[in-house]
Amino acid sequence: MSETIFGKIIRGEIPCHKVYEDDRVLAFLDINPLSRGHTLVIPKEPAQTLDTLSEESAAALGRVLPRICRAVIAVTGVKEYNVLENNGGGAHQAIAHVHFHIIPKPNHAEGLGIGWPMQPLAPPTGAALAAKLRAALE
Ligand code: AMP
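Not measured: the values here are computed from a predicted model.

Rules used throughout
- Residue positions are counted from 1 within each chain, in the order its sequence is given.
- Only residues with pLDDT of 70 or above have their local features reported here, since the model is predicted, and side-chain atom pairs are shown and tallied only from 80 upward, although totals for entire chains, interfaces and linings are computed over all residues.
- Water and hydrogen atoms were dropped before computing side-chain values, which therefore reflect all heavy atoms in the structure.
- At least two bridges found by DSSP between two strands are what make those strands a pair.
- Think of it this way: any DSSP run of H or I at least four residues long counts as a helix, any run of E at least two long counts as a strand, and we number them from the N terminus.
- A simple rule labels every residue: compare its accessible area, found with a 1.4 Å probe on the protein chains alone, to the largest value its type can have, and call it buried under 20%, exposed over 50%, or partly exposed in between.
- Here a polar contact is recorded for every N or O atom pair within 3.5 Å, except that within protein the pair must consist of a potential hydrogen donor and a potential acceptor, and residues adjacent in sequence are included only if both atoms are side-chain atoms.
- Contact criterion: two residues are considered in contact whenever any of their non-hydrogen atoms come within 4.5 Å of each other.
- One heavy atom within 4 Å of a molecule or strand makes the whole residue count as near it.
- Using a 1.4 Å probe, accessible areas were evaluated by the Shrake-Rupley method; residue-level cover was limited to the displayed protein chains.

**Section: the pairing of strand E1 (residues 18-21)**
Note that E1 and strand E2 (residues 25-29) share 3 bridges and pair antiparallel. Across the sheet, the residue bridging to Glu21 is Leu26, located in E2. Taking the residues between adjacent antiparallel strands as the criterion, E1 and E2 are bridged by 3 residues.

Okay, structure coming up:
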């Protein structure tokens, strides 16, 4: 995997506003926040996308994410928020190192704006697709 700015932050080569750290996880403030308290939670493992991350790092992230969300809520006073994790440039991933955004949503103007181009799922299409996914998971 190519070097990223988050790798440099993990190694302490460039600064960050650190919020949390353990053996596998680092959390720090986003440098261009969408709202006050916008925090990034990253694995120390240098995986580019979530599908390539080890179960150990995924478990470590999952274990600590709710706790960091509670801290963000407590400090900002904002109870509504989005957790976002982008994978690939077409999906708005700018930095090729897995990172979860915790983004407080204090009002309509601040925080994450979401386009949601939904389409109905026809039952036969859904049944066939779910069967394929179950098979892929075996
Ligand atoms: P994404 O589009 O999901 O890859 O988001 C990358 C995020 O990293 C953006 O929200 C940036 O503002 C943030 N970011 C980039 N460089 C830094 C940095 N040095 N410290 C903190 N956050 C950063």
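**Here we look at the side chain of His99**
Its place among the elements puts His99 in the loop between strand E4 (81-84) and strand E5 (100-104). His99 sits in the buried class, given a relative accessible area of 5%. A distance of 2.5 Å separates the side chain of His99 from the backbone oxygen of His97, its partner in a polar contact. With residues near it in sequence (within four places) discarded, His99 still touches Phe6, Leu40, Val41, Ile42, Leu84, Glu85 and Gln93.

**Considerations on the side chain of Asn86**
When you line up the elements, Asn86 lands in the loop between E4 and E5. Polar side-chain contacts of Asn86 include one of 3.3 Å to the backbone oxygen of His92. When sequence neighbours within four positions are dropped, the list of residues in contact with Asn86 reads Ala91, His92, Gln93 and His101.

**Considerations on the pairing of E5**
Regular strands place their side chains on alternate faces of the sheet. In terms of burial, E5 is largely enclosed, as 5 of its 5 residues are buried. Taken together, the 3 bridges between strand E3 (residues 39-43) and E5 define a ladder with antiparallel strand orientation. When the sheet's bridge partners are listed, Leu40 is paired in E5 with His101. In terms of strand pairing, E4 meets E5 through 4 bridges, oriented antiparallel. Pairing of Leu84 across the sheet is with His101, part of E5.

**Focus on the site of the ligand**
Every one of the 16 residues lining the ligand counts as a neighbour, but Asp30, His92, Ala94, His99 and His101 are closest to it. Here an oxygen atom of the ligand sits 2.9 Å away from a polar atom, N or O, in the side chain of Asn86. His92 is positioned such that a nitrogen or oxygen atom in its backbone is 2.6 Å from an oxygen atom of the ligand. Protein coverage of the free-state accessible area of the ligand, which is 510 Å², stands at 84%.

Keep in mind these values describe shape, not function.
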